[in-house]
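Here is what each chain is made of, one letter per residue.
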Amino acid sequence: MDNSTFTLITWIILTILAIIIAIIFNVLKNRSRKDTFLILGLADSGKTSFFIKLRDGKQVQTHTSMKENEGYINLENNGIPLTKVPIHFVDVPGHEKLRFKFSDFIPITRGIIFLVDSSTCVKNVRSIAEYLYDIFSNKDVIKHNIPTLIACNKSDMITALPPERIQTMLENEINKLRNTRTSALDNQDSSITDNIEFLGYENEKFKFEHLENETHFEKCSVDKNEIAEIKNWIAEVYGGR
Amino acid sequence: MLDFFTILTKGGIVLWSKTFTRITSSPVDSLIKDVLIEERAGENSYIKDSYCLKWTFANELDLIFVAAYQKILQLAYIEELLATVKKFFCDKFANLIRDTSRIHKFAFDDDFDTILNNIEEKDSKGHGKLSKPRPFEKTKKFKETVEGSKKLSVDDISKPPTNPIISEDEIARNIEDLRLRSGKSSRGRGGRKQSGSTKRSNEPNVSSDDKKQTRKKTMRVWDDKLSKEVMESLDYSGDKGDNDNSSAVNPQDLVDRNQLGQFQDGYYEVQDLGENDDEDEFEEDDYDGTNDVSTQNNGGSSILSFFKNITGQKEITEQDLAPVLAKMKEHLIKKNVAADIAAHLCDSVARNLVGQKIGSFKSIQSTVKQSMEVSLKRILTPKTSVDLLRDIAQAQSESRPYTVCFIGVNGVGKCFAKGTKVLMYDGTYQNVEELNVGNQIMGDDDTSRTIQSTTKGEGIMYRIIPNDKGPAKFFECNNQHILVLKFSAGPFVRNEEIPIVNRSPRIRLFWYEYDTKNNMIVKKNDSFYYGPGKDYPKKGIARRAAIREMARKPNLAASDFIWEVPIKDFLTASDEVQRNCLMYKPNKVIFKSVQGRFRIILNEILGVNPTDSQISAASWLVGVWINSGIVNLPTICVNENENEILKVIAKYSEMLNWRYIKESYKTMTDDSEWRISFMCNDDDIENGFLRLLQKLDILDTKKVPPVIMIEELDQVRLPLLAGILDIGGHLLEESGNYKYVYEPSQERCDLVEQVCNLANLSGFYSKSDFASTKKCQDNITIPSSYCTIISGNDLDKLPLVVSHKRVCKNHEHNLKLINRDMVWRFKVVNVGLGSYYGFKVDKNERVLLADLTVSHNSTNLSKTCFWLLQNGLKVLIAACDTFRSGAVEQLRVHVRNLNALGQNSTVELYERGYGKDAAGIAKDAISYAKLNKFDVVLIDTAGRMQDNEPLMRALAKLVSTNNPDKIIFVGEALVGNEAVDQLTKFNQALKDFSGLQNPRHIDGMILTKFDTIDDKVGAALSMTYTTGQPILFVGTGQTYTDLKNMKVGHIIHALLKE
Ligand SMILES: Nc1nc2c(ncn2[C@@H]2O[C@H](COP(=O)(O)OP(=O)(O)OP(=O)(O)O)[C@@H](O)[C@H]2O)c(=O)[nH]1
Ligand SMILES: [Mg+2]
């Protein structure tokens, strides 16, 4: 009788301990590592296609995403693995009303791949710049100097612009934006003073190279499977921790 | 028929799709962008180009099923198809779908074809089946849920609903058919039995629409979770609660989950359920019980299932959500979210949650709250850039001015008839037609309201006539005027013992319910039958049940419920409700912020800080002097018989250390009177009383000093009134009610009015009148003359010194005095066409004697202008409000101010006076701006009511001729349900009246008076939801800098805060 009660208590204690350990382990696992790569970009820039291409090497039909796609992916190039362990990728929807989610992932982010649709870049330059502005002025991005690759996708299209052109267009646009953003009205709740970060150097035209965090421009095409550079960049950033 | 069918993940990956025709554009992307992401998933279908899309979610697997067909077709089976495919697909591929680490191939083509053929065939075979009358409870449920707020007429119930809820049976049948055809599944004993009974059980449905038989419907029990899912996703019934005793039973509750574990691979079992007329409660219990058992069966070990239970992984069902969402909806409405929108939002959240698994240790509440938070964030996050300065820079680079058009509603509606008195900030009254821009009016919170603009117009006027218990005469206003009423009836129960044929005796409960959506009070009733075999065995028990129920009614309008209702709505209420509404007088006005001047004056005179009793004494003396003093002299005349008054004068002047000379004086009527002159022969002692009268500025007028009107109640106003009444008033008693009649010694109508106002402000009713001859307490008959009559609850609070004029609380009429509330009945009379005068004020609109709702176009335009100027832009303001008098002047003032504020900023006013075509002026202004290199043109338009078609047409014309870069709607943060109506009608007008191929719509909103609403920020949500456009700025005060960016996080926090 006594013995069985005792065993029961032991079991209960052991179970509780196991649960606690599991929880702690989970927390640690989630918190302490910063090895996620975010796939960001406007809607229709090819994020989900890129994600699937990376994971399955396949082409699939996609629609506007409402939810993030995430998963661990073994990076490989022509069958040669680029990293020893699978890497965690998150594809964040590009819709204006959903993209705020990216900031939830920033604390665990190792690098950002920002996809740009090279063929519609002229039309969307403002939206792209605004999104980039939000990313670069994010507190954690600044704090951790998260490296960013701006991948100019859909280079297979005839209307696609070269990355150099896209870079200057974006620099001009961000240059304008930082003026208007910093002179916008105060936020209604003045108790939280989140000043809008001024990107780059004052009194100087904005250049991506002025940013604290590394930014790269790269050409790619998910359709034509020309994403080797991106993979290499990821492997480099991941390996060089 | 069907154009395509797609199954995709919420991540946007298409798992399987089939197209039947060439698809040009991608309507699915639009569906996701316009409907699903915008949290409009509560809607039913979506029309894009020539397609009509319908969809369903499988939340537990994060899937979306979309079907599209030509919108001209009426395909009644789409829901059925979606539901069937969903169930089948999820069932068959569950494992593949759950494995999200890879892309899988879904071999679904053949199955889909079979399902589709099957359903199409069924559809074409007999409209018999589809158009048969639905089981009563289904249609009913449908009416309550899917259609939500839309009202279905009774007729609709017998017709096939356009959007039916598909019964589990049908899906079951569909899938069974599929299996039969494909022959894939081996059939078991249960299956065989089933096919026979399917036919049997269908017969009553087809052959007869008799309700009883329908209710005897048989249910099929499905392989565990999947059947559950299907049922849950299909049954969107909000609450099953139906007051009706004959209420049908929710089929879901009848599913015997005990059986669930026993059947695999989609075999099913039919159970005849027979009579379903048992009590609801019983079935619920039963359901719960069996659910537990099945958990145990599945888990195998009870410990395991225990952990399973606490560590979650419970699927959310519709039932779990219903109460939580109902509460959430109520909460949102409390936060001033329009009722429709709150309902839509909750539906949408429900659709996103049903079937989802709850994580460990999480309650449904927190899950719902979290999901709601995400939804709100999505709605409020703007989908286009709100960077106005960047837009302007763009226009600059194209060397053209950037034009912004400010539109909005106005408050012309809430105005008063000529002659209506308004309380000014200094305590005086003014007629509404005499008010001017810049005047200060007293607000309900003791602070001032500055008049921003005035307006007048013509309309049907109503006269509100109080019965004789009420105050003043009557007032007139138009049909938009908001009455603040006290509802005076509560719930009650009634015996109906006499048995009518076929009915047993009952207790009936009547109550009044406040319909938050329509701002209306409606009477409702409920019956509690008793007797053998009835719900309640005995009368007493039924009665108690009724009384218990009484307290539980939501939105109960009991006595003391305050109802703010526009006259036009009030007139649509039932007679009984109207009769139970009373007008009431708000409590005495305290004027916290301005009082204390009397104290200061007295301080100066006495040289020391006066005590409260000194202040009262001085006030009383002033009161006595006002009634019977001598103009320009600090002298009071008192009849020699007024011993009490003489004694108190002596006492008070000693208290104040004021000396006086007392002389006897013979009047013409042969009465002797005392003349008390506050004068002293020593020149070195200053005459305090004289100085007081001088300071109050009444020495030569003998009026009730305006300063006094808004002074401290107990120390100043009441003693002063008491002084006046002591010497000039009479106490009347009429059938147990007391009132004072005040009639000044000389014929001084102004004094009558002033005393009347003072009494009204001090918590009494008072009206001035020509008094007929009346009997007084002291048997003196007073002649008919102009006088004021003061009555009220607190007459005993007046510190009169003459004992027989005092009202004592411990008098025999004590009770009556206390019970009399400050309420009165009234009549509303239509007095035909008349002119009204209105005004707009800053801060909240609750000015005393009035309750207006207006917008602040021009003010916000100026604030925006100020901000633009600060950014070095050159601004032109186009005065296109050519309608409301004063609008142009108002802008001119603003422009002058703005120019004075900025060092080198330029803002100009472009105006062409009144009465001209606004569209033309705007056009001229824009070309003027182009010529003179202005960066921005701000177009001020007249506020207009959304129902005023001619004005709306004019607005549409202004927009279509000038094509402004931004159309900004200026709305009030205070509006509730009205917001939706305003915005939809404005957008509709811009669309309908423009004559353009691509009509414009509102591009953004400015919400004003954000500082006055606390956390009731619902209007922000209502407005963004209705238009899909962002709130650009919020106005938080009255200065030019009180324009802020709205913070989404702040709004969400305020909305969800308890
Ligand atoms: N020509 C071409 N088309 C591409 C390329 N990459 C993607 N696309 C197409 O672009 C479209 C959009 O791709 P998605 O991956 O769904 O876009 P997304 O970034 O996930 O968009 P959201 O989920 O809405 O944020 C798809 O039709 C792709 O086929 C490319 O390299 N070249
Ligand atoms: Mg995507």
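Residues numbered from 1 in each chain as written. Chains lettered and ligands numbered in written order. Predicted model: local features only at pLDDT ≥ 70, side-chain atom pairs only at ≥ 80, totals over all residues. Heavy atoms only, no water.

Novice: I'd love a proper account of the overall build of chain B, names of residues and values included.
Specialist: Helices and strands together make up the secondary structure of chain B, namely 35 helices and 40 strands. For chain B, the proportion of its 1058 residues judged to be buried stands at 54%. Put simply, 72% of the contacts in chain B that link residues at least 6 apart link residues at least 24 apart. Counting only carbon and sulfur atoms, one obtains 49% of the accessible surface of chain B, whose full area is about 46700 Å². (Helix = DSSP H or I, 4+ residues; strand = E, 2+ residues; numbered from the N terminus. Buried < 20%, exposed > 50% of the residue type's maximum accessible area, 1.4 Å probe, protein only. Contact = heavy atoms within 4.5 Å. Areas by Shrake-Rupley, 256 points an atom, 1.4 Å probe, with all protein chains shown as cover.)

Novice: So what's going on with the pattern of salt bridges? Residues and values would help.
Specialist: Residue and element names in this part refer to chain A. Within this structure, the stated rule accounts for 29 salt bridges over all chains. The residue Lys154 makes a salt bridge to Asp117 at a minimum N-O spacing of 3.1 Å. On the criterion of sequence distance, the pair formed by Lys154 in the loop between strand S7 (148-153) and helix H6 (163-182) and Asp117 in strand S6 (residues 109-117) is long-range, its members being 37 residues apart. With relative accessibility at 21%, the residue Lys154 sits in the partly exposed group. On the accessibility criterion, Asp117 (10% relative accessible area) is buried. One salt bridge connects Glu130 with Arg126, and the closest N-O pair in it is separated by 3.8 Å. Of this pair, Glu130 and Arg126 are both found in helix H4 (residues 121-136), four residues apart, which corresponds to roughly one turn of the helix. Look at Arg126 and you get buried, because its relative accessible area is 18%. (Salt bridge = Lys/Arg side-chain N within 4 Å of Asp/Glu carboxyl O.)

Novice: Please set out helix H18 (residues 539-552) of chain B residue by residue, giving values where relevant.
Specialist: All names here are of chain B. Helix length check: H18 (14 residues) gives 20 Å between terminal C-alpha atoms against 20 Å at 1.5 Å per residue, within 8%. All of the buried residues along H18 are Ala542, Ala545, Ala546 and Met550. The buried residues of H18 occupy an angular sector of 145° when the element is viewed end-on, so they sit on one face. With respect to the buried face of H18, the exposed residues turned more than 90 degrees away are Arg544, Arg548, Ala551 and Arg552. In the core, the buried residues of H18 are packed alongside strand S18 (492-496), strand S19 (506-515) and strand S20 (520-529). (Expected span 1.5 Å × (residues − 1). Arc of directions from axis to C-beta.)

Novice: A description of the site of ligand 1 should follow, citing residues and the corresponding values.
Specialist: Residue and element names in this part refer to chain A. If you check the shell around ligand 1, you find 20 residues, and the closest are Lys47, Thr48, Ser49, Thr62 and Ser65. Here an oxygen atom of ligand 1 sits 2.7 Å away from a polar atom, N or O, in the side chain of Ser49. Between ligand 1 and Lys154, the relevant distance is 2.9 Å, taken from an oxygen atom to a side-chain nitrogen or oxygen of the residue. Within the complex, 87% of the 660 Å² of free accessible area of ligand 1 lies under protein. (Near = heavy atom within 4 Å. Polar contact = N/O pair within 3.5 Å; in protein donor to acceptor, adjacent residues only side chain to side chain.)

Novice: Account for the pairing of strand S1 (residues 2-9) of chain B, with residues named and values stated.
Specialist: All names here are of chain B. The buried count for S1 comes to eight of eight residues, which makes it a mostly enclosed element. In terms of strand pairing, S1 meets strand S5 (residues 63-70) through seven bridges, oriented antiparallel. Counterpart to Phe5 in the pairing with S5 is Ala67. Summarising the sheet, S1 and strand S2 (residues 14-19) pair through five bridges and their orientation is antiparallel. Considered in S2, the bridge of Leu8 is made with Val14. The hairpin turn running from S1 into S2, its antiparallel successor, is four residues long, and Gly12 in that turn takes a positive phi close to 100°. (Pairing = 2+ DSSP bridges.)

Novice: Let's hear about a nonpolar patch on the surface: which residues, and what values?
Specialist: The grouping of Leu8(A), Ile9(A), Trp11(A), Ile12(A), Ile13(A), Leu14(A), Ile16(A), Leu17(A), Ile20(A) and Ile21(A) at the surface amounts to a nonpolar patch, some 990 Å² of accessible area in total. By the element assignment, Ile9(A) lies in helix H1 (residues 2-32). (Patch = residues over 30% accessible without salt bridge, like charges linked within 9 Å, V, L, I, M, F, W, Y side chains within 5 Å.)

Novice: Could you give an account of the interface of chain A and chain B, naming the residues involved and the relevant values?
Specialist: Accessible area lost upon the coming together of the parts is a frequently used measure of interface size. Facing the 38 residues of chain A at the interface are 47 residues of chain B. At the boundary of chain A with chain B, total buried surface from both sides reaches about 4100 Å², with 57% on carbon and sulfur atoms. Across the pair Asp391(B) and Arg126(A) runs a salt bridge, and its minimum N-O distance is 2.5 Å. Here chain A is connected to chain B by 17 residue pairs in polar contact (both at pLDDT 80 or more). Mapped onto the side of chain A that touches chain B, the elements with two or more residues apiece are H1, helix H2 (47-56), H4 and H6 of chain A. (Buried area = accessible area lost by both parts, 1.4 Å probe.)

Novice: Quick rundown of the coordination of the magnesium ion (ligand 2)? Include the residues and the values.
Specialist: Reference values for angles at a metal are 109.5 degrees in the four-donor tetrahedral case and 90 or 180 degrees in the six-donor octahedral case. Residues and elements named next belong to chain A. Around the magnesium ion (ligand 2), the protein supplies Thr48 (OG1) and Ser65 (OG) as donor atoms, at distances of 1.9 to 2.0 Å. Highlighted residues: Thr48 in helix H2 and Ser65 in the loop between H2 and strand S2 (69-73), separated in sequence by 17 residues. A relative accessible area of 7% means that Thr48 is categorised as buried. (Donors = N, O, S within 2.8 Å, 3.2 Å for Na, K, Ca; no water.)

Novice: Give me the lowdown on the packing of helix H21 (residues 597-606) of chain B against helix H22 (residues 612-628) of chain B, citing residues and values where you can.
Specialist: Residue and element names in this part refer to chain B. It is the contact of H21 with H22, at a shortest axis distance of 11 Å, that shows an interaxial angle of 95°. On the basis of their axis angle, the class for H21 and H22 is roughly perpendicular. Contacts from Phe598, Arg599, Leu602 and Leu606 in H21 reach Asp612, Gln614, Ile615, Ala618 and Ser619 in H22. (Axes fitted to C-alpha atoms, helices over the stretch in contact; angles between N-to-C directions. Parallel < 35°, antiparallel > 145°, perpendicular 65-115°, else oblique.)

Novice: Which residues make up the nonpolar core, and what are the values?
Specialist: Residue and element names in this part refer to chain B. With 74 residues, the main nonpolar core has Leu321, Met372 and Phe969 as its most contacted residues. Formed jointly, this core draws a minimum of three residues from each of two domains, domain 2 (317-380) and domain 3 (388-410 + 859-1056). Ala617, Leu725, Leu731 and Leu758 belong to the second-largest nonpolar core, a separate cluster that totals 57 residues. (Core = buried A, V, L, I, M, F, W, Y, C linked by side-chain atoms within 4.5 Å. Domains from an automatic or database assignment.)

Novice: Any chance you could break down the packing of helix H15 (residues 339-353) of chain B against helix H34 (residues 1018-1027) of chain B for me, citing the residues and the numbers?
Specialist: All names here are of chain B. For the pair H15 and H34, interaxial distance at closest approach is 10 Å and the crossing angle is 70°. Taken together, the axis directions place H15 and H34 in an arrangement best described as roughly perpendicular. When H15 is examined against H34, the residues Ile341, His344 and Leu345 are found in contact with a partner set consisting of Leu1021, Ser1022, Tyr1025 and Thr1026. Residues of the contact of H15 with H34, tallied by class, amount to four nonpolar, three polar and no charged. (Nonpolar A, V, L, I, M, F, W, Y, C, P; charged D, E, K, R; others polar.)

Novice: Would you mind going over the sheet that holds S7(A) in detail, with residue names and values included?
Specialist: Residues and elements named next belong to chain A. Ordered by their spatial adjacency, six strands build an open sheet running S2-S5-S1-S6-S7-S8, and the pairing between neighbours is mixed. Each edge of the sheet is formed by a strand with only one pairing partner; in this case those strands are S2 and strand S8 (215-219). The sheet shows a mean angle of 20° between the axes of neighbouring strands, taken without regard to direction. Both S2 and strand S5 (residues 87-91) contribute to a ladder of five bridges, which runs antiparallel.

Novice: Help me get a handle on the sheet that holds strand S10 (residues 402-408) of chain B, residues and values and all.
Specialist: Residues and elements named next belong to chain B. Ordered in space as S35-S34-S36-S10-S37-S38-S39-S40, the eight strands form an open sheet in which the pairing is mixed. Strands at the two margins of the open sheet, each flanked by one partner only, are strand S35 (907-910) and strand S40 (1043-1045). Across the sheet, the mean angle from the axis of one strand to that of its neighbour is 25°, orientation sign disregarded. Sheet topology places strand S38 (residues 1004-1008) next to strand S39 (residues 1031-1035); three bridges connect them, and they run parallel. In the sheet register, Ile1006 faces S39, and the bridge partner there is Phe1033. Across the sheet, helix H31 (residues 918-931) lies against S10, strand S34 (875-880), S35 and strand S36 (936-941), angled at about 165° from S34, the strand it touches most. Helix-sheet contacts for helix H33 (residues 978-992) involve S10, strand S37 (966-972) and S38, and the interaxial angle to S37 is about 155°.

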